[in-house]
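# Structural overview
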Amino acid sequence: MAGVANQNILLGVTGGIAAYKSVELARLLVKGGARVRVVMTEAACRFVSPLTFQAVTANPVRTQLFDEAHEAAMGHIELARWADQMIIAPASADFMARMAQGLADDLLSTLYLASTASVTVAPAMNRRMWRHPAVQHNLSLLEDRGIRILGPETGEQACGDTGIGRMSEPSEIFAALDVAAGSGLFAGRKVLITAGPTHEPFDPVRFIGNRSSGKMGFAVAQAFVREGAEVLLVSGPVQLATPAGVQRINVQTALQMREAVFDNIQAVDIFVACAAVADYRPESPRENKIKKTDDRLELNLLRNPDILAEVAALEKGPFTLGFAAETENLAENARAKLSKKKLDMLAANRVGDDLGFESDDNSLLVLWPNGEKQLPLQNKQQLAHALITLLEQQYRDAGRGD
Ligand code: C5P
């Protein structure tokens, strides 16, 4: 499918150090076949020269509302009409506030009001500014208006702080715009993914859990989004940022995860169970912290529902992909699990000896009822992409892709 190729993309650049990254975004868009026109605010021009964007896009860059020469060539209303998509990257706190209030005191804010194109905003600012109630209030106003917000991400900031506020990577923003333009193997498909561990409390401060980092499930979510799917990620407690374009519901326990899954499963085409769900939960969690007065402590555990098996048993349910972490007899146990849970596919990996859970690399044996394929050791992002490519073939073969 086409994606951004042949689309008219209006790239709005506002004042922030992340403006230099938008040069790369402009380059990716041009490389992807889009026609790109850049509009910069006055503050943006202090960080990057308009000439840089002009060289990358081969189009003049506009910076002023009252510019007779430019208005004579392509007036601002014409430019607003021209755009198929509008992306503001980086979007400063100030610019988001002006969008929220509907101000039209410069060219870019005027274009935002005059355009009917779909609008995506990639905020970038200091972490304290991002958390300020005024910014969060403006953010929700923009979201309520149907504007898509990408990021910001967590990490090092130009000001020396570490935290939330970095602009999403240009490749992520590009992928999101490409997807919005209808590209990808899973364009138009809805995918629900579970990821991470579950924590089963036995008193207010302690729980039974496991070592799942959630990295594989998050990588699978990102791979699906990049291939055009609408992704809902139900995540147990993990230390990971939500991939751009993914909708996320946070849960703690298996029962909460089950509820979040079944609240949403009806609308879903594909269900991927990546979570390491605790098989058992404490029968009666104590109300108060347990004191260490006795030498022995007995906990009664109850079996948790098997979310994946329940989804696979649904009549007219989604296509299902399960994961199996095994310490021994990988292929044998995995095939038994595939048929016992009546899954469409199962991805099995060996765990133990520091393999699998917290690592950035992994390998998978992928099984389906009449075949299998070994995906070699590689980083989890690459592996996730290889996995969903295999899934797409099976999904189509099962007659679900039509
Ligand atoms: O049976 P086992 O726990 O090895 O199966 C693993 C697969 O089943 C994974 O895909 C996991 O997400 C899913 N599962 C589940 N609910 C459970 C246990 C496992 O969805 N209670």
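Residues numbered from 1 in each chain as written. Predicted model: local features only at pLDDT ≥ 70, side-chain atom pairs only at ≥ 80, totals over all residues. Heavy atoms only, no water.

### Some words on the overall build of the chain
As a reminder, the rule being used: Under the DSSP-based scheme used, a helix requires at least four consecutive residues in state H or I and a strand at least two consecutive residues in state E, with every element numbered from the N terminus. To sort residues, take the accessible area from a 1.4 Å probe on protein chains only and compare it with the maximum for the residue type: under 20% means buried, over 50% means exposed, and anything in between is partly exposed. Only heavy atoms matter for contacts: two residues are in contact if any of them lie within 4.5 Å across the pair. Only the protein chains shown count as cover for residues, with accessible areas throughout obtained via the Shrake-Rupley method and a probe of 1.4 Å.
Along the backbone of the chain there are 15 helices and 19 strands. Taking the principal axes of its C-alpha atoms as reference, the chain extends roughly 80 × 55 × 35 Å. Relative to its 402 residues, the chain shows a buried fraction of 50%. Expressed as a percentage of contacts within the chain between residues at least 6 apart in sequence, the contacts between residues at least 24 apart total 67%. As displayed, the chain offers around 19700 Å² of accessible surface, 48% of which is attributable to carbon and sulfur atoms.

### With respect to the sheet that holds strand E19 (residues 371–379)
What counts is decided by this rule: Here the rule is simple: two strands pair whenever DSSP picks up at least two bridges between them. Fitted lines through C-alpha atoms serve as axes, helices being fitted only where they are in contact, and the angles separating the N-to-C directions of these axes extend from 0 to 180 degrees.
Taken together, the eight strands give an open sheet; going across it, the order is E12-E11-E8-E13-E16-E17-E18-E19, and neighbouring strands pair in mixed fashion. Each edge of the open sheet carries a strand with a single partner, namely strand E12 (247–250) and E19. Going from strand to strand, the sheet's axes swing by 15° on average, the running direction of each strand aside. Pairing between strand E11 (residues 230–235) and E12: four bridges, direction parallel. Counted as the bridge partner of Ser 235 is Asn 250 from E12. Its contacts with the sheet put helix H15 (residues 380–397) on strand E13 (270–273), strand E16 (319–326), strand E17 (345–350), strand E18 (361–368) and E19, and the angle it makes with E19 is roughly 160°.

### Side note on the site of the ligand
What counts is decided by this rule: Neighbouring residues are identified by heavy atoms, a residue being near a molecule or strand if any of them is within 4 Å of it. Two N or O atoms form a polar contact when they lie within 3.5 Å of each other; inside protein one atom must be a possible hydrogen donor and the other a possible acceptor, and for residues adjacent in sequence the pair counts only when both atoms belong to side chains. Any residue with an atom within 4 Å of a point lines the site, the site being either a cavity, points on a 1 Å grid over the protein atoms alone where a 1.4 Å probe fits but cannot get out, or a pocket, an open set with protein on both sides within 12 Å along at least 5 of 7 lines. A molecule is said to be in a cavity or pocket once over half of its atoms fall within 2 Å of that pocket's grid points. When residue character is reported, Ala, Val, Leu, Ile, Met, Phe, Trp, Tyr, Cys and Pro are called nonpolar, Asp, Glu, Lys and Arg charged, and the others, Gly included, polar.
Taken together, Ala 273, Ala 275, Val 277, Asp 279, Pro 305, Asp 306, Ile 307, Leu 308, Gly 322, Phe 323, Lys 337 and Lys 341 make up the full set of residues near the ligand. Within the contact set of the ligand, a nitrogen atom lies 2.8 Å away from a backbone nitrogen or oxygen of Pro 305. The separation between a nitrogen atom of the ligand and a polar main-chain atom of Ile 307 is 3.0 Å. Protein coverage of the free-state accessible area of the ligand, which is 450 Å², stands at 87%. With respect to the pocket detection grid, the ligand is positioned in the largest pocket. At the level of elements, helix H13 (307–312) and E16 are the ones that each hand at least two residues to the shell around the ligand. Per-class residue counts for the shell around the ligand are seven nonpolar, one polar and four charged.

### As for helix H1 (residues 19–31)
Threshold: How far a helix is expected to stretch is found by multiplying one less than its residue total by 1.5 Å.
The terminal C-alpha atoms of H1 lie 19 Å apart, and with 13 residues this matches the ideal 18 Å at 1.5 Å per residue to within 8%. Listing the buried residues of H1 in full gives Ala 19, Lys 21, Ser 22, Val 23, Leu 25, Ala 26, Leu 28 and Leu 29.

### Some remarks on the domain arrangement of the chain
Just so we agree on the cut-off: Per the annotation, domain bounds derive from an automatic or database assignment of domains. Each salt bridge in this description consists of a side-chain nitrogen of Lys or Arg and a carboxyl oxygen of Asp or Glu lying within 4 Å of one another.
Each domain of the chain was delimited in the assignment, giving domain 1 (8–181) and domain 2 (190–397). Measuring from the centre of the C-alpha atoms in domain 1 to the corresponding centre in domain 2 gives 36 Å. In this assembly, six residues from domain 1 lie in contact with six residues from domain 2. Taken together, the links from domain 1 to domain 2 amount to one salt bridge. A salt bridge links Arg 226 to Glu 172; the shortest N-O distance between them is 2.6 Å. The tally of links between domain 1 and domain 2 comes to two residue pairs in polar contact (both at pLDDT 80 or more).

### Quick notes on the environment of Lys 190
Looking at where Lys 190 falls in the secondary structure, it is placed in strand E8 (residues 190–195). It is 5.0 Å that separates the C-alpha atoms of Lys 190 and Val 268, two residues lying 78 residues apart in sequence. Those residues in contact with Lys 190 that lie beyond four places of it in its chain are Glu 230, Ala 267, Val 268, Asp 269 and Ile 270.

### Some points on the packing of helix H10 (residues 170–180) against helix H11 (residues 215–226)
Going by this rule: Throughout this description, any angle smaller than 35 degrees is read as roughly parallel, any larger than 145 degrees as roughly antiparallel, any in the 65 to 115 degree range as roughly perpendicular, and the remainder as oblique.
Close contact between H10 and H11 brings their axes to 9 Å; oriented N to C, the two are set at 50°. It follows that H10 is oblique to H11 by the angle criterion. The residues of H11 that touch H10, namely those facing Ser 171, Glu 172, Ala 175 and Val 179, are Gln 222, Val 225 and Arg 226. Here the residues of the contact of H10 with H11 are counted per class, giving three nonpolar, two polar and two charged.

### Re the pattern of salt bridges
Oppositely charged side chains are able to pair whenever their charged atoms sit close together. Inspection of every chain in the model, using the stated rule, returns 19 salt bridges. In this structure, a network of salt bridges that share partners links the residues Asp 94, Arg 98, Asp 105 and Asp 106.

### Focus: the environment of Phe 53
For Phe 53, the location among the structural elements is in helix H3 (residues 50–57). In sequence terms Phe 53 and Glu 24 are 29 residues apart; their C-alpha atoms lie 9.4 Å from each other. Other than its neighbours up to four places away in sequence, Phe 53 contacts Leu 11, Val 13, Ala 19, Ser 22, Val 23, Ala 26, Val 38, Met 40, Val 48, Ala 58 and Val 61.

### Quick look at the layout of surface pockets
The cut-off we apply is this: Grid points are joined across faces, edges and corners, and a volume is the space filled by probe spheres set on the points.
Space inside the largest pocket adds up to approximately 970 Å³. Forming the boundary of the largest pocket are 39 residues, of which Ala 275, Ala 276, Val 277, Phe 323 and Ala 325 lie nearest the centre. Elements represented by at least two residues in the lining of the largest pocket include exactly E8, H11, E13, H13, E16 and helix H14 (330–340). Sort the elements by how many residues they give to the lining of the largest pocket and E16 lands first, with four residues. Across the lining of the largest pocket, the residue classes tally to 18 nonpolar, 13 polar and eight charged.

### Notes on the sheet that holds strand E4 (residues 118–123)
As summarised here, the arrangement of the five strands in space is E2-E1-E3-E4-E5, forming an open sheet in which the pairing is parallel. Pairing within the sheet leaves two strands with one partner each, and these edge strands are strand E2 (35–40) and strand E5 (148–149). Two elements, strand E1 (residues 8–13) and E2, share six bridges in a ladder whose sense is parallel. Bridged to Asn 8 within E2 is Arg 35. Across the sheet, H1 is in contact with E1, E2 and strand E3 (85–91); its angle to E1 comes to roughly 175°.

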